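For reference, the chains in residue letters:
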Amino acid sequence: MEAAGRGSRMAGRRQVVKNMNTGGSPEECPVCLTGYDGTVQRPRTLPCGHTVCTLCIDQLEEQGRVACPECRVSHAVPEGEQFPVCYAVEALIRMLRDAEEAAAAAAAALPPPSAGEAAASPPPSAGEGAPPGAAGKKEAAGLSKKMRSFLQEQEATVVAAITACREAQSQLDQYQTTLAGWGKQQQQLEDRLLGLVDQSRSARELLQQEESRVAAKEEELKKEEQGLQAMLETLRTLATEQEAGAAMPEVFRWTGEAEQAVEECREGFPDASTVTTARKVREASSAALEAGQAVQAALETLTTEEPRPQADPDSTVMDRLHLICTWRLTAEDLRSLTQPARRLLEAGRVFAVHQAEGQRRHARISLEAGQLCLHALKDHPPPLGAATLQVSEVVPPSPPCTVFLDLSWPGSAPRRVQIRLSPDTPRGRQLLLLCTGQRGPSYVNTRLYGVGRKAEAGEFVKGGDYESNDGEGSSVLLPGLGEGEYRKSGRAGDVCGLEWTDRTRGECGHFGIFTRDCKDGGGTSLVFGEVVDGLHVVAEAAQHRDIKEVTVADCGVVL
């Protein structure tokens, strides 16, 4: 981006020099021929290098693009809705105006010429073609017109270089401010971690004190028990009433002390405040430890990543800082759409991880129209600094749930079809697994291969052949697809399982989607879902000239 900006500024400077050499005025917009100013009609440089005022660019803009009035190249309007200001042109205009004012002041200060001087002075036409102020001391010094033009070009180059230096300084100041902010946040994090360590130490000391108290009380109870055992033996050996009367006070004393000790144990152990404090500190410490382990794993991944392009080293530093300071995202954060989770989703940095048979794949999680969507698993790794969860944390193991298929065909952008799967059936589980790709294959890049009863009642499209992609593969991911409780129906939008016409071919894992209601009594007994959004997309696909051109561009599950 910085390189593009430098290219634009260099192109702007070349355009200024070109206007000067060809006789065009660099002070005027080439469209409205009005002089530039520092407020409303500032000079703006297009990516092609030509300069136009702000008002003219606004008038030329159509559907987010501007066609250059000089070379007719079309440019997209930047995110800030304004092209960069050409500071070189503004500086040159200020320089020329200052020269004009200085020349006018010098002329006003000179005495009026005598009659002889007036006769000896050259006619006004002798100075035509010279830039403003060119009749000053440079001409008196004997500079040729070519040399004056060359010097003006060099002045414009120097002014542009000064402007570029100032822009670079401003960029460095902004970057320094960003670094200071990161440093402050890091210091705050360290302070919180140190506070957590202090709390953990205090909790450990409380536990040690509690252990000492428990040990002392346990020793006391052992003594009480021994005294009671001795008292019990004494009671069993008493032979006379006098001996019994003498032993009673001791019995009362030992039983009273034992009861008191037992009551103290019941009331004081466990000490609720100590246990609660220790538990909270332990939970907080465990969370911090897990976060630290996640950061360490991320840093280890960072060292094994391929080196990023060196043309933009600042982004690498910011990526590393973002990676180090990103805490692990939880499924609850995702479902609650906390502010950090929303920011990561909007940046496209939330992924679900699935590992099977030594293969680690990732699925992107997006936020679309207020819905969280997990897309099909892919082999490529997530971007640097992405937050990851396990697929099992967010995807249900079996229906009921909602999945989606994005259908596209030539001349049509991908459009979404959402299917609500009925409570657990083998075909519903298979469709869910093939929408996420958890078992390996998925519906991505598969095609619809046929239309049954086209343009008639009970019309339905056929798809789901991830093996041969033409309707000839069995495409059975799970055994026993015919088992389970399916419902019978034939309404538009119902999703059903398909069977071979020839029963000897075994099970068939394909699916069909009804686009029109069946006649009374018609339909199928293998319905396991229904289209809840996008049925019109399936109906349009059924009417496409070649159903085999309809492709599943993407698929997944709505979380």
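Definitions and limits used
- Residues numbered from 1 in each chain as written.
- Predicted model: local features only at pLDDT ≥ 70, side-chain atom pairs only at ≥ 80, totals over all residues.
- Heavy atoms only, no water.
- Helix = DSSP H or I, 4+ residues; strand = E, 2+ residues; numbered from the N terminus.
- Buried < 20%, exposed > 50% of the residue type's maximum accessible area, 1.4 Å probe, protein only.
- Pairing = 2+ DSSP bridges.
- Arc of directions from axis to C-beta.
- Salt bridge = Lys/Arg side-chain N within 4 Å of Asp/Glu carboxyl O.
- Lys, Arg positive; Asp, Glu negative; His and termini not counted.
- Polar contact = N/O pair within 3.5 Å; in protein donor to acceptor, adjacent residues only side chain to side chain.
- Contact = heavy atoms within 4.5 Å.
- Phe/Tyr/Trp six-rings, centres within 6.5 Å; stacked < 30°, edge-to-face > 60°.
- Lys NZ or Arg CZ within 6 Å of the ring centre and 35° of its normal.
- pLDDT = per-residue confidence, 0-100.
- Core = buried A, V, L, I, M, F, W, Y, C linked by side-chain atoms within 4.5 Å.
- Disulfide = S-S within 2.5 Å.

## Structural notes on the overall build of the protein chain
Part 1 of the reasoning: For the protein chain, the helix and strand inventory stands at 14 helices and 17 strands.
Part 2 of the reasoning: Scored against the burial criterion, the 559 residues of the protein chain give a buried share of 35%.

## Quick look at the pairing of strand S14 (residues 494-497)
Every regular strand shows the same layout, with side chains that alternate between the two sheet faces.
Part 1 of the reasoning: Burial of S14 is two-sided: the residues Asp494 and Cys496 facing one way and the residues Val495 and Gly497 facing the other way are all buried.
Part 2 of the reasoning: Both S14 and strand S16 (residues 524-533) contribute to a ladder of three bridges, which runs antiparallel. Opposite Val495, over in S16, you have Gly529 as the bridge partner.

## Looking at helix H11 (residues 339-346)
Part 1 of the reasoning: Buried within H11 we find Ala341, Leu344 and Leu345. One face of H11 carries all of its buried residues, which in axial projection span an arc of 100°.
Part 2 of the reasoning: Where H11 ends, the next residue or the one after it, Gly348, has phi of about 70°, a positive value.

## Section: the pattern of salt bridges
Part 1 of the reasoning: Scanning the entire structure with this criterion turns up 13 salt bridges.
Part 2 of the reasoning: Between Asp424 and Arg429 there is a salt bridge; the shortest N-O distance is 2.7 Å.
Part 3 of the reasoning: The class for Arg429 is partly exposed, based on a relative accessible area of 28%.
Part 4 of the reasoning: In this structure, Glu459 engages Arg516 in a salt bridge whose closest nitrogen and oxygen atoms are separated by 3.8 Å. Linking Glu459 in the loop between strand S11 (450-452) and strand S12 (460-463) with Arg516 in the loop between strand S15 (511-514) and S16, this pair joins segments that are 57 residues apart in sequence.
Part 5 of the reasoning: Look at the salt bridges and you will find they share partners, linking Glu250, Arg253 and Glu257 into a network.

## A look at the side chain of Arg44
Part 1 of the reasoning: Note that Arg44 resides in strand S1 (residues 43-45).
Part 2 of the reasoning: Look at Arg44: it is buried, it has no salt bridge, and the nearest opposite charge is Glu90 at 7.5 Å.
Part 3 of the reasoning: A distance of 2.9 Å separates a polar side-chain atom of Arg44 from the backbone oxygen of Phe83.
Part 4 of the reasoning: Ignoring any residue separated from it by four or fewer positions in sequence, one finds Arg44 in contact with His50, Thr51, Val52, Thr54, Ile57, Gln82, Phe83, Pro84, Val85 and Cys86.

## A look at unusual backbone geometry
Part 1 of the reasoning: In this chain, Pro399 is followed by Pro400 through a cis amide linkage whose omega measures 10°.
Part 2 of the reasoning: You can see Pro400 is positioned in the loop between helix H12 (391-394) and strand S9 (401-409).
Part 3 of the reasoning: Positive phi, close to 65°, is recorded for Arg72, a residue that is not glycine.
Part 4 of the reasoning: Along the chain, the position of Arg72 falls in the loop between strand S3 (65-67) and strand S4 (74-76).

## So, the packing of aromatic side chains
Part 1 of the reasoning: The full count for this structure, using the stated rule, is two aromatic pairs.
Part 2 of the reasoning: Their ring planes at 75° and their centres at 5.5 Å tell us that Tyr443 and Phe511 sit as a pair that is edge-to-face. Of the two residues, Tyr443 is situated in the loop between helix H13 (426-436) and S11 and Phe511 in strand S15; the sequence distance between them amounts to 68 residues. The pair Tyr443 / Phe511 is uniform in exposure class, with both members buried.
Part 3 of the reasoning: Arranged with centres 5.7 Å apart and planes meeting at 55°, the rings of Phe460 and Phe514 form a pair that is tilted. Taken as a pair, Phe460 in strand S12 and Phe514 in strand S15 lie far apart in primary sequence, 54 residues in all. Comparing Phe460 with Phe514, the two get one shared label, buried.
Part 4 of the reasoning: Across the ring face of Trp254, the terminal group of Arg253 is positioned such that the distance to the ring centre comes to 4.7 Å.
Part 5 of the reasoning: When the ring centre of Phe404 is taken as reference, the NZ or CZ atom of Arg416 above it lies at 3.9 Å.

## Side note on the confidence of the model for the protein chain
Part 1 of the reasoning: When pLDDT is averaged across the protein chain, the result is 79; 78% of the residues are at 70 or more.
Part 2 of the reasoning: Taken together, the stretch residues 12-23 has pLDDT below 50 and engages in 22 contacts with residues farther than four places along the chain or on a different chain.
Part 3 of the reasoning: Considering only residues more than four positions removed or in separate chains, one finds that residues 298-327, a stretch of pLDDT under 50, has 33 contacts.

## Observations concerning the nonpolar core
Part 1 of the reasoning: Core analysis: the largest hydrophobic core is formed by 55 residues, its most contacted members being Leu334, Leu405, Leu407, Ile419 and Tyr443.
Part 2 of the reasoning: Those residues in contact with Ile419 that lie beyond four places of it in its chain are Cys401, Thr402, Val403, Leu405, Val495, Ile513, Glu530, Val531 and Val532.
Part 3 of the reasoning: Ranked by size, the runner-up nonpolar core spans 16 residues in total, among them Tyr36, Ile57, Cys68 and Ile93.

## A few points about the pairing of S15
Part 1 of the reasoning: Side chains Phe511 and Ile513 of S15 all project onto a buried face; the interleaved residues Gly512 and Phe514 project onto the opposite face, where all are buried too.
Part 2 of the reasoning: The pairing of S12 with S15 spans four bridges and is antiparallel. Following the sheet pairing, Phe460 is matched in S15 by Phe514.
Part 3 of the reasoning: Pairing geometry for S14 and S15, over three bridges, is antiparallel. By the bridge assignment, Val495 is partnered in S15 with Ile513.

## Considering the state of the cysteines
Part 1 of the reasoning: Taken as a whole, this structure holds zero disulfides when the rule is applied.
Part 2 of the reasoning: A disulfide-free cysteine, Cys496 has its sulfur positioned 8.5 Å from the sulfur of Cys518, the nearest such atom.

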